[in-house]
Amino acid sequence: MGWKKVQYYQNVIAVLFSICLHLSWADRTFTKVYEPVSSTAACFKRLNGTHEIGCTSSSRGDVGVLHLVEDEASLQWVLKEGPHSPYIVLLYPEYFTREHILQFQDSGRVNGVLMLKEKGNNSTSLTSFSTESSCPNQGFGIYNTSSSKQCQKWNAPGNHLLLENLDFPIFFIYNDTESQKLLNCFETFNRPINGSAREWPLCASQLRSFMLAAINTPTCLRRSSVFSMNPGASRVCDPLGDQNIVASLFPKNASETYENNSVIVIAARMDGASLFDDINPSADSSISGLVSLLSIMKHLGNVREELRNGQTQSALKNVYFMLFNGEAFGYIGSSRIVYDMTQANFPFNLTSIRYFIELNQVSASSNSNKNATYFIHQSELSQSKELTDLLQKTGLDSNVNMSVVTSKNEMGLPPSSLQTFLREKADLTGVVITNHEEEYRNKFYNGIFDDKEKIGFVYGDKSVFSVQQNIAGLSAAVANSVIELLLASATGSSAPPPQVSPDLGTVDELLHCYLESANCSIFRELHGQNQMTKAYATYVGITRAPNSMSQVTSLVVSSYLGSIVENITKEDECWKLQKDKGYYWMNGSCYDTILINTTEAKSPAFLVDNYDWASGKYSTWTESVWQTLSVRIFIKPSLLHEILTLVSGVVMLVVSFVVVAKVNEKAELIFPTRADALVC
């Protein structure tokens, strides 16, 4: 009996070995059956206090037959006529419209969408593409629901898909080679011949973008808090947020308080948004204003010592630069700073602000013999002719036209961070400088195609009517206005104010850094090493993950407003004093960065006890956690073929167990014992 047991276990081991061998072969078979598609960007879920938006797949991914929608006939094929549903739709950006996407969702015949790059790699073929709302940040500004200005269509091309809840996955394929791979598969196996469907097998795709969060922000936060009690579980969503950057031109003593109307604020936003993960260039949406503010900062930093002498006798005591993060999602950054001001957790309060100057969308280029025109917007309750006249005068000195938008403008104040401040203090004197008088000049607002081509940026182009020239001229005009404001309010000052000239070199290099390559000279010098070859994403991200964009921008600010500590020449000595004195080593020197600070850009909604999530007072956006984002293609047989394959596999499995059992019963005959062998 002992020998029979040994034989039995040998047979079992042999079967297990055979199974393991087949599993190893199965892994190799897997790589032959499925072809991964790389260079993809997924649409993902976000949630707010009342609902969810974005895209998700089933937990195992959604599968469908590939079909290219390129005209009305192919659209109807997917929606009604095609016999091989469900489909994964291939399409170009011009067919990625709200109407088509909602038709796909309502049809029940589409399991996902793959958007390719612009057809023919022609980056100028699209005239507009914005998945943002036509009324950006509606409900978070100064106009209530009863006002006719509450939803003016500033972003006329906006199709609102960014804020739709879609029940299938959507991916953007941003690489030409990968796009061609998908097209080749469709052409070879799937394209109808003379209006007739092809027979199986067909080219199919599986899209995986399963999102863990659902319903709304309070629900997902509650689930995350439950999961946090279990060390083996994970959160399901995170609040949107990162860091604001706040810097001052002059130092402030800890005991010093600012009087009313004694501070000038110059502001811009850093972030952008799009429907797809990690693809948000924001060339005009945010980068143009950011670069303009950085250029202004550099101008004022260069003449700081000259200004300091007159500033001591001035009624205006300081200039603060504010770079907000998360503005695309309900003014997260600016609302947090205003909240901190009201809670006395900021160097000054709202009443201390004399002028608020915001740089919004300011890219402008021209091929005609005239200067660029910028528009100065104001709230009806906070007009300042002194400020607008000064901006117009300094603009002409820098070859930039500045036009004041009349207070009778029916559209009101455009979406801007200034609106957050005006909600708390309606008579705050502020202006928003843009490249548009009414609806946006930018037809790609908060979209994946708001890139360098759309604003006409060519690295190294310093011609008279280039975008670099116009942003540099605007920056110099604003800087000279601030200089005059500071010194005009000084008593006993007779010296002429310093003047700055447009700095095309800085603007050109900054646009290159933020739009083309983070491995630019400015960023390399600040980091002391090579950086990624593409530009950093502008999306604000989540509060628990550092944002590379804001981190490198903080270094740029430090280099423009920080001062070199002459008596420290060694890196390790500099780092030792970072915590106590705010020193930072960069560019081969030790910088005193005490004037540069970061504040948390996290919505007050996540700080207020028992906050009413449906109130709409503060942004409540969170981002869903996901596990895998992937696209792959394969050749799919007919359903009958799949059933036969499954049945045959099950039959083979049953037969194998029967054979093993029978072999075990006859083991003594098939495998004689040692005693039997000796007798023979």
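Residues numbered from 1 in each chain as written. Predicted model: local features only at pLDDT ≥ 70, side-chain atom pairs only at ≥ 80, totals over all residues. Heavy atoms only, no water.

An unreviewed UniProt entry lists the protein under the name Nicastrin, with Orchesella dallaii given as the organism. Listed in UniProt under the heading Subcellular location (unreviewed entry), the comment for the protein reads: "Membrane". Here the protein is described in UniProt, under the heading Sequence similarities (unreviewed entry), as follows: "Belongs to the nicastrin family." (UniProt positions renumbered as here; feature names shortened; annotations may be inferred.)

Chemist: What should I look at first to understand the environment of Gln551 in this one?
Modeler: Tracing the backbone through its elements, the reader meets Gln551 in helix α15 (residues 548–561). According to the relative accessible area criterion, Gln551 is partly exposed, its value standing at 45%. Each C-alpha atom, one on Gln551 and one on Asp242, is 9.8 Å from the other, the two residues being 309 residues apart in sequence. (Helix = DSSP H or I, 4+ residues; strand = E, 2+ residues; numbered from the N terminus. Buried < 20%, exposed > 50% of the residue type's maximum accessible area, 1.4 Å probe, protein only.)

Chemist: How should the pattern of salt bridges be read in this particular structure?
Modeler: Pairing is possible between side chains of opposite charge, provided their charged atoms come close. This model, assessed by the stated rule, comprises 23 salt bridges. The partner of Lys534 in a salt bridge is Asp278, with the nearest N and O atoms 3.5 Å apart. Here Lys534, found in the loop between α14 (521–527) and α15, pairs with Asp278, found in the loop between β12 (263–269) and α6 (283–302); they are 256 residues apart in sequence, far enough to count as distant. Salt bridges sharing partners connect three or more residues here, namely Glu35, Glu178 and Lys181. (Salt bridge = Lys/Arg side-chain N within 4 Å of Asp/Glu carboxyl O.)

Chemist: Looking at this model, I keep getting lost on helix α2 (residues 72–81). Mind explaining?
Modeler: In an α-helix, one full turn covers 3.6 residues, which means residues spaced three or four apart are oriented alike. Residues of α2 that are buried include every one of Ser74, Leu75, Gln76, Trp77, Val78 and Leu79, and no others. Summarising the contacts, the buried residues of α2 are in contact with β5 (62–69), β6 (87–91), α3 (98–107) and β7 (110–115). Looking at where α2 begins, the residue whose side-chain oxygen comes 3.3 Å from the main-chain nitrogen of Ala73 is Asp71. (Contact = heavy atoms within 4.5 Å. Polar contact = N/O pair within 3.5 Å; in protein donor to acceptor, adjacent residues only side chain to side chain.)

Chemist: Which parts of the structure should I look at to understand unusual backbone geometry?
Modeler: Across residues other than glycine, the phi torsion is negative in most instances, and most of the peptide bonds are trans. Of the consecutive residues Ser85 and Pro86, the connecting peptide bond is found in the cis state with omega at 5 degrees. Relative to the assigned elements, Pro86 resides in the loop between α2 and β6. In the segment running from Trp200 into Pro201, the intervening peptide bond is cis, with an omega of 5 degrees. Structurally, Pro201 is set in the loop between α4 (176–189) and β9 (202–208). Backbone geometry at Ser39 places phi at a positive 55 degrees, although glycine is not the residue there. Note on placement: Ser39 falls in the loop between β1 (34–37) and β2 (40–42).

Chemist: Help me out: how do you make sense of the packing of aromatic side chains in this one?
Modeler: In this description, a pair of aromatic rings is defined by centroid distance and the angle of the planes. A complete count under the given rule lists 26 aromatic pairs for this structure. Geometrically, the ring pair formed by Tyr258 and Phe348 is edge-to-face, given 6.1 Å between the ring centres and 80 degrees between the ring planes. With Tyr258 in the loop between β11 (241–248) and β12 and Phe348 in the loop between α8 (332–342) and β14 (353–359), the pair connects residues that are 90 residues apart, well separated along the chain. On the basis of relative accessible area, Tyr258 is assigned to the buried category, the value being 9%. The exposure class of Phe348 is buried, given its relative accessible area of 5%. An aromatic cluster is defined as three or more aromatic residues linked by ring pairs; in this entry it consists of Phe96, Phe129, Phe172, Tyr174, Phe276 and Phe449. Sitting over the face of the ring of Phe444, Lys454 holds its NZ or CZ atom 5.1 Å from the ring centroid. (Phe/Tyr/Trp six-rings, centres within 6.5 Å; stacked < 30°, edge-to-face > 60°. Lys NZ or Arg CZ within 6 Å of the ring centre and 35° of its normal.)

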